[in-house]
Amino acid sequence: MRIGLTLLTDLPWTEAAPRWRATEDMGFDHAWTYDHLTWGGLPDSPWAGATPTLAAAAALTERIGLGTLVSAPNFRHPYLLFRDAQALEDISGGRFLLGLGTGGDLDSRVLGVEDLTVRERVDRFQEFVGLLEQLRDGDHVTSQGRWFSAADARTLPGLTRTPYLVAANGPRSLRFAAAHGDGWVTTGPPADTVESWYAGLAESVRVFEDALGAAGRDLASVPRYVLTDATPHLSGTGRFALSSVAFFEEMAGRLDELGFTDLVTHWPRPDTAYVGDVAVLEAVASDVVPRLQRG
């Protein structure tokens, strides 16, 4: 199992940069950030854009993957995102991981975009991914969609090393991720207890694997990423994967048994969101992560 950390963009770069370097130095496999205009968990905090942050992180690191969790159509056009992805692929030496999802609707509201139903948001997302696929697969791309269009869009120099990691929780989205994603990302379903969260994840895995089979894809060929701390209904010590070393190790073991290849948690914060102790992170990095990677 590979292990990654998500770092939020609320800190000035002088404070954030050492954390990105430390994530690599501690032996983690990948590092991520949210891709928002503003994040609902910290609505009154400063916030920086994901793509320039990841470009700066790429210059500080040499080995780890660097990705978005997730880039969404709420404020991005596929062609603009594609161009950003090309730059990040080049700057990082092929380490960029493009997480794609419907996202929350706060960014849309900030821009005054019309409210969409859940079905419409999923329809828009699938069109968004479809155009990203066309841009990756061809040149001089012309496409007319309900939400996104392109006219003779040039795509040089291509995008050959960046996987599209499609986020999905519900059945319709899981089937789409199985058919179109180079990897699957999930936060798991809403849950009131850790056990019910695991049970919901197990059902999601079943639906996803059935959909992979229906699409004629090899079950072992598609990586599966789980973001452990994003389900808002969990509470207590189970809310945050790094609440203790023992809890992290137990959670990693349970997720490994469910077939997840990658676990992503968050750099501990002193307050508000993902509250934890950096000492626990360091202990997990020195003891648990190497054993999971070897396993």
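Structural data are supplied above this passage.
Given the structure is predicted, the values throughout are model-derived calculations rather than measurements.

### Observations regarding the overall build of the protein chain
Within the protein chain, the secondary structure is distributed over 9 helices and 10 strands. Its C-alpha radius of gyration of 18 Å places the protein chain within 12% of the 19 Å reference for a compact globule of 295 residues. By the burial criterion, 51% of the 295 residues in the protein chain qualify as buried. Considering only contacts within the protein chain whose residues lie at least 6 apart along the sequence, 72% involve residues at least 24 apart. Of the accessible surface of the protein chain, which amounts to about 12,600 Å², a share of 52% is contributed by carbon and sulfur atoms.

### Description of the packing of aromatic side chains
Taken as a whole and judged by the stated rule, the model has 11 aromatic pairs. Their ring planes at 55 degrees and their centres at 5.7 Å tell us that Phe128 and Phe148 sit as a pair that is tilted. Residue Phe128 is located in helix α5 (residues 118-137), and its partner Phe148 is located in the loop between β5 (141-144) and β6 (149-153); the two are separated by 20 residues in the primary sequence. Take Phe128 and Phe148: they sit in the same class, and that class is buried. Cluster of aromatic residues (ring-pair linked, three or more members): Tyr34, Trp39, Trp47, Phe240 and Tyr274. Arg136 extends its terminal NZ or CZ atom over the ring of Tyr164, reaching a point 3.9 Å from the ring centre.

### Remarks on the pattern of salt bridges
Oppositely charged side chains may form a pair once their charged atoms are brought near each other. The final tally for this structure, using the stated rule, is 15 salt bridges. The closest approach of N and O atoms between Asp182 and Arg136, which form a salt bridge, is 2.8 Å. Placement of Asp182 in the loop between α6 (171-180) and β8 (183-186) and of Arg136 in helix α5 is noted, with a sequence separation of 46 residues between them. Asp182 sits in the partly exposed class, given a relative accessible area of 28%. Among the ionic pairs, Arg291 bridges to Asp287, the shortest N-O distance being 3.2 Å. You can see Arg291 and its partner Asp287 sitting in helix α9 (residues 278-294), 4 residues apart, about one turn around the helix. Note on Asp287: relative accessible area 39%, which makes it partly exposed.

Reading the values: rules and limits
Numbers given for residues are sequential positions, taken from 1 along each chain in its written order. Two thresholds apply to this predicted model, a pLDDT of at least 70 for residue-level local features and 80 or more for giving and counting side-chain atom pairs, whereas whole-chain, interface and lining totals are computed over all residues. As a convention, hydrogens and water are excluded, and side-chain values are obtained from all of the structure's heavy atoms. Strands here mean DSSP runs of E at least two residues long; helices mean DSSP runs of H or I at least four residues long; both are numbered from the N terminus. Atoms counted for the radius of gyration: C-alpha only. Globule rule: 2.2 Å times residue count to the power 0.38. For every residue, the accessible area (1.4 Å probe, protein chains only) is compared with the maximum for its type, and the residue is labelled buried under 20%, exposed over 50%, or partly exposed between those bounds. Residue contacts are defined here by distance: any two heavy atoms, one from each residue, within 4.5 Å place the two residues in contact. With residues, only the protein chains shown are counted as cover, and all accessible areas are computed by Shrake-Rupley using a 1.4 Å probe. Centre distance within 6.5 Å is the pairing criterion for rings of Phe, Tyr and Trp, where only the six-membered ring of Trp is used; planes under 30 degrees apart are then read as stacked, over 60 as edge-to-face, and the remainder as tilted. Two conditions define a charge sitting above a ring: the NZ of Lys or the CZ of Arg must be within 6 Å of the ring centre, and it must be within 35 degrees of the ring normal. Counted as salt bridges are all cases of a side-chain nitrogen of Lys or Arg within 4 Å of a carboxyl oxygen of Asp or Glu.

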